[in-house]
Amino acid sequence: VELATQVQNVFCSCKLVAVAIIIGGGVYKLCEGSYEHVATGFQGTTSSVGNIATAFYSGLWAYDGWNNLNYVTEEIINPEKNLPLSIGIAIPMVTFIYVLVNISYLTIMSPSEMLVSDAVAVTFGNRILGPMAWLMPLSVAFSTFGAANGTIFAAGRLCYVASREGHLVDVLSFVHVKKLTPAPAVLFHAVVALAMVMSGSIEGLIDFFSFTVWIFYGMSMVALLVLRYKEPQLPRPYKCPLVIPILVLIISIYLVIAPIVDNPQIEYLYSILFMVFGAIMYIPFVHFGYVFKFMDKLTTFLQLMLQIAPPSGITDYE
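Residues numbered from 1 in each chain as written. Predicted model: local features only at pLDDT ≥ 70, side-chain atom pairs only at ≥ 80, totals over all residues. Heavy atoms only, no water.

Colleague: What should I look at first to understand the overall build of the chain in this one?
Modeller: Looking only at helices and strands, the chain has 13 helices and two strands in total. Based on the C-alpha atoms only, the size of the chain along its principal axes is roughly 70 × 45 × 40 Å. Counting over 318 residues, the chain shows a buried share of 28%. In the chain, of all internal contacts separated by at least 6 residues, the share reaching a separation of at least 24 is 69%. Entry remark: accessible area of the chain is about 20,400 Å², with carbon and sulfur atoms responsible for 70%. Computed over 14 positive and 19 negative side-chain charges, the inter-centroid distance for the chain is 7 Å. (Helix = DSSP H or I, 4+ residues; strand = E, 2+ residues; numbered from the N terminus. Buried < 20%, exposed > 50% of the residue type's maximum accessible area, 1.4 Å probe, protein only. Contact = heavy atoms within 4.5 Å. Areas by Shrake-Rupley, 256 points an atom, 1.4 Å probe, with all protein chains shown as cover. Lys, Arg positive; Asp, Glu negative; His and termini not counted. Charge placed at Lys NZ, Arg CZ, Asp CG, Glu CD.)

Colleague: Would you mind going over the nonpolar core with me for this structure?
Modeller: Residues Ile22, Val101, Tyr105, Met109, Met114 and Phe124 are the most contacted members of the largest nonpolar core, which totals 14 residues. Where this core is concerned, the elements lending two or more residues are helix H1 (2-31), helix H5 (79-106) and helix H7 (120-128). The leading source of residues in this core is H1, at four residues. Apart from the residues lying within four places of it in its own chain, the contact partners of Phe124 are Ile22, Gly25, Gly26, Ser104, Tyr105, Ile108 and Met109. Residues Phe211, Val213, Tyr217 and Leu255 belong to the second largest nonpolar core, which totals 13 residues. (Core = buried A, V, L, I, M, F, W, Y, C linked by side-chain atoms within 4.5 Å.)

Colleague: Which parts of the structure should I look at to understand unusual backbone geometry?
Modeller: Trans peptide bonds make up most of the peptide bonds, and negative phi angles are found at most residues other than glycine. Even without being glycine, Leu180 reaches a positive phi, approximately 60°. Its identity as a non-glycine residue notwithstanding, Gln307 has a phi of 55°, on the positive side. With respect to the helices and strands, Gln307 occurs in the loop between helix H13 (295-306) and strand S2 (308-309). Note on Gln307: relative accessible area 41%, which makes it partly exposed.

Colleague: I keep staring at a nonpolar patch on the surface and nothing clicks. Help me out?
Modeller: The grouping of Trp61, Leu168, Val169, Phe188, Val192, Met196, Ile202 and Phe209 at the surface amounts to a nonpolar patch, some 650 Å² of accessible area in total. Of all the secondary-structure elements, those providing two or more residues to the nonpolar patch are helix H9 (183-199) and helix H10 (202-230). With three residues, the single largest contributor to the nonpolar patch is H9. Relative to the helices and strands, Met196 resides in helix H9. For Met196, a relative accessible area of 37% gives the class partly exposed. (Patch = residues over 30% accessible without salt bridge, like charges linked within 9 Å, V, L, I, M, F, W, Y side chains within 5 Å. Salt bridge = Lys/Arg side-chain N within 4 Å of Asp/Glu carboxyl O.)

Colleague: Any chance you could explain the side chain of Ser173 here in plain terms?
Modeller: Relative to the elements of secondary structure, Ser173 occurs in the loop between helix H8 (135-164) and strand S1 (175-176). Residue Ser173 is classed as buried on the basis of its relative accessible area, which comes to 9%. Of the polar contacts made by the side chain of Ser173, one reaches the backbone oxygen of Asp170; its length is 2.7 Å. Excluding its chain neighbours within four sequence positions, the residues that come into contact with Ser173 are Tyr160, Ser163, Arg164 and Pro311. (Polar contact = N/O pair within 3.5 Å; in protein donor to acceptor, adjacent residues only side chain to side chain.)

Colleague: Before we go on, may I ask you to explain the environment of Gly59 in this structure?
Modeller: For Gly59, the location among the structural elements is in helix H3 (residues 49-61). Assessed through its relative accessible area of 32%, Gly59 is described here as partly exposed. For the pair Gly59 and Ile206, spaced 147 residues apart in sequence, the C-alpha to C-alpha distance is 9.9 Å.

Colleague: When you look at the packing of aromatic side chains in this model, what are you seeing that I'm missing?
Modeller: Pairs of aromatic rings are described using the distance from one ring centre to the other and the angle between the two planes. The final tally for this structure, using the stated rule, is nine aromatic pairs. Pairing Phe285 with Phe292 gives two aromatic rings, centres 5.4 Å apart and planes at 45°, and the pair type is tilted. Given the relative accessible area of 31%, Phe285 is considered partly exposed. Exposure remark for Phe292: the relative accessible area of 38% places this residue in the partly exposed category. Between Phe292 and Phe294 the ring centres are 5.5 Å apart and the planes differ by 15°, which places this aromatic pair in the stacked class. By way of ring pairs, the aromatic residues Phe285, Tyr290, Phe292 and Phe294 are connected into one cluster. (Phe/Tyr/Trp six-rings, centres within 6.5 Å; stacked < 30°, edge-to-face > 60°.)

Colleague: I keep staring at H1 and nothing clicks. Help me out?
Modeller: Because an α-helix completes one turn every 3.6 residues, residues spaced three or four positions apart along the sequence face the same direction. For H1, spanning 30 residues, the distance from its first C-alpha to its last is 43 Å, which sits close to the expected 44 Å at 1.5 Å a residue. Within H1 the residues assigned to the buried category are Ala4, Phe11, Ala18, Val19, Ile22, Ile23, Gly25, Gly26 and Lys29. Elements in contact with the buried residues of H1: H5, H7 and H8. Two residues or fewer past H1, Gly33 is found with a positive phi of approximately 95°. (Expected span 1.5 Å × (residues − 1).)

Colleague: Looking at this model, I keep getting lost on empty space enclosed by the protein. Mind explaining?
Modeller: Empty space among the atoms can be located by rolling a probe the size of a water molecule over them. Summed over all chains, the structure comprises one cavity of 30 Å³ or more. Put simply, the largest cavity is a space of about 30 Å³. Residue lining of the largest cavity: Gln8, Phe11, Cys12, Lys15, Phe142, Ser143, Gly146 and Ala147, and that is the complete set. Taken together, the elements giving at least two residues each to the lining of the largest cavity come down to H1 and H8. (1 Å grid on protein atoms, 1.4 Å probe; cavity = no way out; pocket = protein on both sides within 12 Å on 5 of 7 lines; lining within 4 Å. Points joined across faces, edges and corners; volume = space filled by probe spheres on them.)

Colleague: Please explain H3 as it appears in this structure.
Modeller: Helix length check: H3 (13 residues) gives 18 Å between terminal C-alpha atoms against 18 Å at 1.5 Å per residue, within 8%. Residues of H3 that are buried include every one of Gly50, Ala53 and Tyr57, and no others. One side of H3 carries all its buried residues, which in axial view fall inside an arc of 60°. The inward-facing, buried residues of H3 contact H10 and helix H11 (243-262). (Arc of directions from axis to C-beta.)

Below, the structure written as structure tokens:
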């Protein structure tokens, strides 16, 4: 945990330096009077409710890091205070920085040029940094590595806890006997990620991942509202105002329904069928606890190969 946090801090700092360079370059170009594309950046904007929703998929995906914090609540010191505080500070700050970055891009490139660019930051660097343009590809690599590190750290905990609660096979809740890391959960997440990368383009993955995840966000808001009404006395380490889940529920309904109504695609049906399949699998394997006979041998084999054990069997594990 400590190493992952240190790596994240280093690469996040490098990314912020690159962002500062981009914003500084944008301010310089604005002072020169290069604001033509900034003033006309919204020309040709569509009014289609479906296109607006799918555009939000890509936009909101860039901010989806807030959700990773919820996966690592057990690793956070004083989560009752620090979790809502970190989200409340980070989202407005990131929003402000991203707006400044996009304004800076528009001082150099038109919206159409941004759309066809493989890496907008690299194109920006090539046009404004001159011989120092190599800083932008390096910064993009740092940013990508930092994002991957944070995602692996968080998603591994998601599989680990799901297994611990009985929603996945037991071996995914085991940890390395020396490193005390959830190695099986991280490897399982890597296999799933590899399968998703091989299945299509990044744009398609973002759209259909976002479609699926906003269904779950909406259901989570419904569950929160129901529990707030039926179980008002339950202990709540942190309690958000009701207006937030209501607003998120309305947004999730729009983001799920609008693309289907405006431009129905077979992939949306695949996403829904995938979730239905998961619900069906829940009944025998989770609710009734059915386990295949070969799972004991497979678990033993993985324990020996990966040097893992249940956390309860490791004296140094906390």
